[in-house]
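Fold and geometry: a report
As a plain string of letters, each chain reads:
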Amino acid sequence: MVILDRIRQFVERVAPLPICEACLAGHLDGLSEQEVHLRVSELAVERGFDRARAPCGLCGNERLVVEKAR
Ligand SMILES: [Zn+2]
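Residues numbered from 1 in each chain as written. Predicted model: local features only at pLDDT ≥ 70, side-chain atom pairs only at ≥ 80, totals over all residues.

1. Examining the overall build of the protein
Scanning the protein from terminus to terminus reveals three helices and three strands. What you see for the protein is a C-alpha radius of gyration of 10 Å, in line with the 11 Å of a compact globule of 70 residues. Principal-axis analysis of the C-alpha atoms gives the protein an extent of 30 × 25 × 20 Å. Every one of the 70 residues in the protein was classed for burial, and the buried ones make up 26%. Long-range pairs, those at least 24 residues apart, make up 54% of the contacts in the protein with a sequence separation of at least 6. (Helix = DSSP H or I, 4+ residues; strand = E, 2+ residues; numbered from the N terminus. Rg over C-alpha atoms; globule rule 2.2 N^0.38 Å. Buried ≥ 20, exposed ≤ 12 C-beta atoms within 10 Å, placed from the backbone. Contact = placed C-beta atoms within 7 Å.)

As structure tokens, this is what we get:
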């Protein structure tokens, strides 16, 4: 499965909670936070996901998060 699909699936799994890039990297084995950052940028452009600065639904830290667009 390509990295973009793994990220998309995880974001959909935690929806409607927003999730930060650090939590994504922590839950997707083998991905660096930097790589997650790049892929989330693609996801937000191509596939109907929103990015915002908000509290993460998992760790609670206010960060750049991604969530499934409503
Ligand atoms: Zn988080």
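2. Comments concerning the packing of helix H1 (residues 3-14) against helix H3 (residues 33-46)
Packing of H1 against H3 leaves a shortest axis separation of 10 Å and a crossing angle of 75 degrees. It follows from the interaxial angle that H1 and H3 lie roughly perpendicular. Here H1 contributes Ile 3, Leu 4, Ile 7 and Arg 8 to the contact with H3, which in turn contributes Val 36, Arg 39, Val 40, Glu 42 and Leu 43. Residue classes in the contact of H1 with H3 are distributed as six nonpolar, no polar and three charged. (Axes fitted to C-alpha atoms, helices over the stretch in contact; angles between N-to-C directions. Parallel < 35°, antiparallel > 145°, perpendicular 65-115°, else oblique. Nonpolar A, V, L, I, M, F, W, Y, C, P; charged D, E, K, R; others polar.)

3. Remarks on the environment of Val 14
With respect to the element layout, Val 14 can be found in helix H1. Once the C-alpha coordinates of Val 14 and Gly 57 are considered, the two residues, 43 residues apart in sequence, prove to be 8.3 Å apart. In contact with Val 14, other than residues within four places in its own chain, are Ile 19, Gly 57 and Leu 58.

4. Description of the pairing of strand E3 (residues 62-68)
The pairing of strand E1 (residues 19-20) with E3 spans two bridges and is classified as antiparallel. Across the sheet, the residue bridging to Ile 19 is Val 66, located in E3. Direction of pairing for strand E2 (residues 49-55) relative to E3: antiparallel, over a ladder of seven bridges. Bridging from a neighbouring strand, Ala 52 pairs with Val 65 of E3. The hairpin turn running from E2 into E3, its antiparallel successor, is six residues long, and Gly 60 in that turn takes a positive phi close to 80 degrees. (Pairing = 2+ DSSP bridges.)

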